[in-house]
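Inside the fold
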Amino acid sequence: MNCLECGNTMKTSRENHRYTECGLRNVTLVGIEIRRCSHCGNYEISLPHIEELHRFLARKLIEKTTRFTGEEVRFLRKSLGLSGVDFARAMGVTEETVSRWENNATPIGPQADRLLRLIVAQGQKMSSYPTERLANIDAKKATATRLEVESRDEEWALAS
């Protein structure tokens, strides 16, 4: 394959990639196909089944045992396909509240955090979401979730 920038041949390799493009800082895709141009430095990343990847990430986020960070709230809202206005309406809060959550100006409250988990679980058509997980969420502490993810047999999974 030739580089779209300079026309030189690109070399393909499998590499780990920090997947910040999804809006989460701590997701690493393991062994992803990347094509690089040695002439101009341009590169292209091949992400198979990107919608499934985002559903997988959303499922993993709602399994965490601490409150969501702002970037996680934004990712989950977007994974549900909701605008800020529609998300605020679904959560029963103002648009300004959603903005403050997503920008880490105000932490998401424990009730809203639990509601978001249930909305995501339902929106992802998961067969079950153990509600006892909701009782074990540390409402006072938000930690970013570090995920290393790889594509295996056309599905996304945690890297081994």
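Before going further, it helps to spend a moment on the overall build of the protein. On a plain count of helices and strands, the protein comes out with six helices and seven strands. Its C-alpha atoms give the protein principal-axis dimensions of about 55 × 30 × 25 Å. For the protein, the residues scored as buried account for 36% of the 160 residues in total. Counted over contacts in the protein with a minimum sequence separation of 6, partners at least 24 positions apart contribute 58%. Summing over all exposed atoms, the protein offers an accessible surface of approximately 9,200 Å²; the carbon and sulfur share of this is 45%.

What follows concerns the pattern of salt bridges. Taken as a whole, this structure holds 13 salt bridges when the rule is applied. Measuring nitrogen to oxygen at the nearest pair gives 3.5 Å for the salt bridge that ties E102 to R74. With E102 in helix α4 (residues 95-102) and R74 in helix α2 (residues 70-79), this pair connects stretches of sequence that are 28 residues apart. Relative accessible area serves as the criterion here: at 26%, R74 is assigned to the partly exposed category. As a salt-bridge pair, D113 and R117 come within 2.5 Å of each other at their nearest N and O atoms. With D113 and R117 both in helix α5 (residues 110-123) and four residues apart, this pair spans about one turn of that helix. By relative accessible area, which is 0% here, R117 ends up buried.

Let us now look at the nonpolar core. Counting residues in hydrophobic clusters, the biggest one holds 30 residues, and the most contacted among them are L57, L116 and V149. Those elements that place two or more of their residues in this core are β2 (27-37), α1 (50-62), α2, α3 (84-91), α4, α5 and β6 (147-152). With six residues, the top contributor of residues to this core is α1.

Rolling a probe over the atoms, with the probe sized like a water molecule, indicates the empty space that remains. Within this structure, the stated rule accounts for two cavities of 30 Å³ or more. Roughly 40 Å³ of internal volume is contained in the largest cavity. Along its surface, the largest cavity is lined by L24, N26, V27, L61, E71, E72, A144, T145 and L147. The residue makeup of the lining of the largest cavity, split by class, is five nonpolar, two polar and two charged.

On to α2, then. Along α2, seven of the ten residues are buried, which leaves the element largely enclosed by surrounding structure. Along α2, the positions that sit buried rather than exposed are G70, E71, E72, V73, F75, L76 and R77. Among the structural elements, α1, β4 (66-67), α3, α4 and α5 are those in contact with the buried residues of α2.

If you walk through the whole model with that rule in mind, you get zero aromatic pairs. A cation over a ring is seen here: R36 above Y43, with NZ or CZ 5.1 Å from the ring centre. R117 extends its terminal NZ or CZ atom over the ring of F68, reaching a point 4.2 Å from the ring centre.

It is worth spelling out α1 at this point. The end-to-end C-alpha separation of α1 is 19 Å, in line with the 18 Å expected for 13 residues at 1.5 Å each. All buried positions along α1 are accounted for by L53, F56, L57, A58, L61 and I62. Where α1 is buried, its residues contact β2, α2, α5, β6 and β7 (155-158).

Once that is clear, we can look at the confidence of the model for the protein. Averaged over all residues, the pLDDT of the protein equals 90, while 92% of them reach at least 70. The element-level mean pLDDT for the protein is lowest in helix α6 (residues 132-135), coming to 62, with α4 highest at 98.

The rules we used
- Residues numbered from 1 in each chain as written.
- Predicted model: local features only at pLDDT ≥ 70, side-chain atom pairs only at ≥ 80, totals over all residues.
- Heavy atoms only, no water.
- Helix = DSSP H or I, 4+ residues; strand = E, 2+ residues; numbered from the N terminus.
- Buried < 20%, exposed > 50% of the residue type's maximum accessible area, 1.4 Å probe, protein only.
- Contact = heavy atoms within 4.5 Å.
- Areas by Shrake-Rupley, 256 points an atom, 1.4 Å probe, with all protein chains shown as cover.
- Salt bridge = Lys/Arg side-chain N within 4 Å of Asp/Glu carboxyl O.
- Core = buried A, V, L, I, M, F, W, Y, C linked by side-chain atoms within 4.5 Å.
- 1 Å grid on protein atoms, 1.4 Å probe; cavity = no way out; pocket = protein on both sides within 12 Å on 5 of 7 lines; lining within 4 Å.
- Points joined across faces, edges and corners; volume = space filled by probe spheres on them.
- Nonpolar A, V, L, I, M, F, W, Y, C, P; charged D, E, K, R; others polar.
- Phe/Tyr/Trp six-rings, centres within 6.5 Å; stacked < 30°, edge-to-face > 60°.
- Lys NZ or Arg CZ within 6 Å of the ring centre and 35° of its normal.
- Expected span 1.5 Å × (residues − 1).
- pLDDT = per-residue confidence, 0-100.

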